[in-house]
Amino acid sequence: MAQRDLSGAVDFGVLDRMTGGDDAIAEEVLGLFAEQAAMWSAMLEPKTDGWRDAVHTIRGAAAGIGAGPLAAICADAEIADQALAAPALDRVRTALDKALADVAAWRHELMLRSLRS
């Protein structure tokens, strides 16, 4: 798939193994990831109650689609001292943006595949 468009933030082989190569399921899973990212990213502020819950949820969703770097950054942020929360959450947002860009490119490729079939 559109390898030239990807930053490497997501290992889509993980997603492919999880979905058994079914493009429709992959699209559904990636759509759910994008929805969760939109919902939980609003809480990625150190003054927001529950920012650790948001990071934890994003971490699990990231691991599920193969976004290992994002999951690792989330793991670090989850245990960060409150005084270091702001830079940790900045790293989470940056990694999330990269993963979402890869997801968008992959979803675009899936859409093109469906048009061809």
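Reading the values: rules and limits
- Residues numbered from 1 in each chain as written.
- Predicted model: local features only at pLDDT ≥ 70, side-chain atom pairs only at ≥ 80, totals over all residues.
- Heavy atoms only, no water.
- pLDDT = per-residue confidence, 0-100.
- Helix = DSSP H or I, 4+ residues; strand = E, 2+ residues; numbered from the N terminus.
- Core = buried A, V, L, I, M, F, W, Y, C linked by side-chain atoms within 4.5 Å.
- Buried < 20%, exposed > 50% of the residue type's maximum accessible area, 1.4 Å probe, protein only.
- Contact = heavy atoms within 4.5 Å.
- Axes fitted to C-alpha atoms, helices over the stretch in contact; angles between N-to-C directions.
- Parallel < 35°, antiparallel > 145°, perpendicular 65-115°, else oblique.
- Left-handed = near helix turned anticlockwise from the far one by under 90°.
- Salt bridge = Lys/Arg side-chain N within 4 Å of Asp/Glu carboxyl O.
- Nonpolar A, V, L, I, M, F, W, Y, C, P; charged D, E, K, R; others polar.
- Expected span 1.5 Å × (residues − 1).
- Arc of directions from axis to C-beta.

A. Molecular detail of the confidence of the model for the chain. For the chain, the average pLDDT comes to 93, and 96% of its residues sit at 70 or higher. Within the chain, the element-level pLDDT minimum falls on helix α1 (residues 12-19), averaging 93, and the maximum on helix α4 (residues 68-78), averaging 98.

B. Spotlight on the nonpolar core. Membership of the largest hydrophobic core comes to 34 residues, with the highest contact counts inside it found for V10, L30, F33, L44, I65 and L70. The biggest single contributor to this core is helix α5 (residues 85-116), with 11 residues. Leave out the neighbours within four places in its chain, and L70 touches F33, I58, A62, V92, A95, L96 and A99.

C. Spatial organisation of the packing of helix α2 (residues 23-41) against α5. For the pair α2 and α5, interaxial distance at closest approach is 10 Å and the crossing angle is 150°. Considering their axes alone, α2 and α5 lie roughly antiparallel with respect to each other. Classified by chirality, the crossing of α5 by α2 is left-handed. Mapping the contact onto sequence places D23, A26, E27, L30, G31, F33, A34, A37 and S41 in α2 and L96, L100, V103, W106, R107, L110 and R113 in α5.

D. Local environment of the pattern of salt bridges. Per the stated rule, a full pass over the model turns up six salt bridges. Note that E27 and R107 form a salt bridge whose closest N and O atoms lie 2.5 Å from each other. With E27 in helix α2 and R107 in helix α5, the pair connects residues that are 80 residues apart, well separated along the chain. E27 gets classed as partly exposed once you look at its relative accessible area, which sits at 27%.

E. The packing of helix α3 (residues 51-65) against α5, seen in detail. Closest axis-to-axis distance for the α3/α5 pair is 12 Å, and the angle between their directions is 30°. One way to sum up the angle between α3 and α5 is to call them roughly parallel. With respect to the hand of their crossing, α3 and α5 are arranged in left-handed fashion. Counting all contacts with α3, which are made through W51, V55, I58 and I65, the residues of α5 involved are A85, L89, L96 and V103. Here the contact of α3 with α5 is composed, by residue class, of eight nonpolar, no polar and no charged.

F. Seen up close, α3. Its 15 residues place the ends of α3 21 Å apart at the C-alpha level, agreeing with the 21 Å of an ideal helix rising 1.5 Å per residue. Here α3 has its buried residues at W51, A54, V55, I58, A61, A62 and I65. Here the buried residues of α3 occupy an arc of 130° about the axis, which is enough to place them on one side. Buried-residue contacts for α3 involve α1, α2, α4 and α5. Following α3 by one or two positions, G66 has its phi on the positive side, about 95°.

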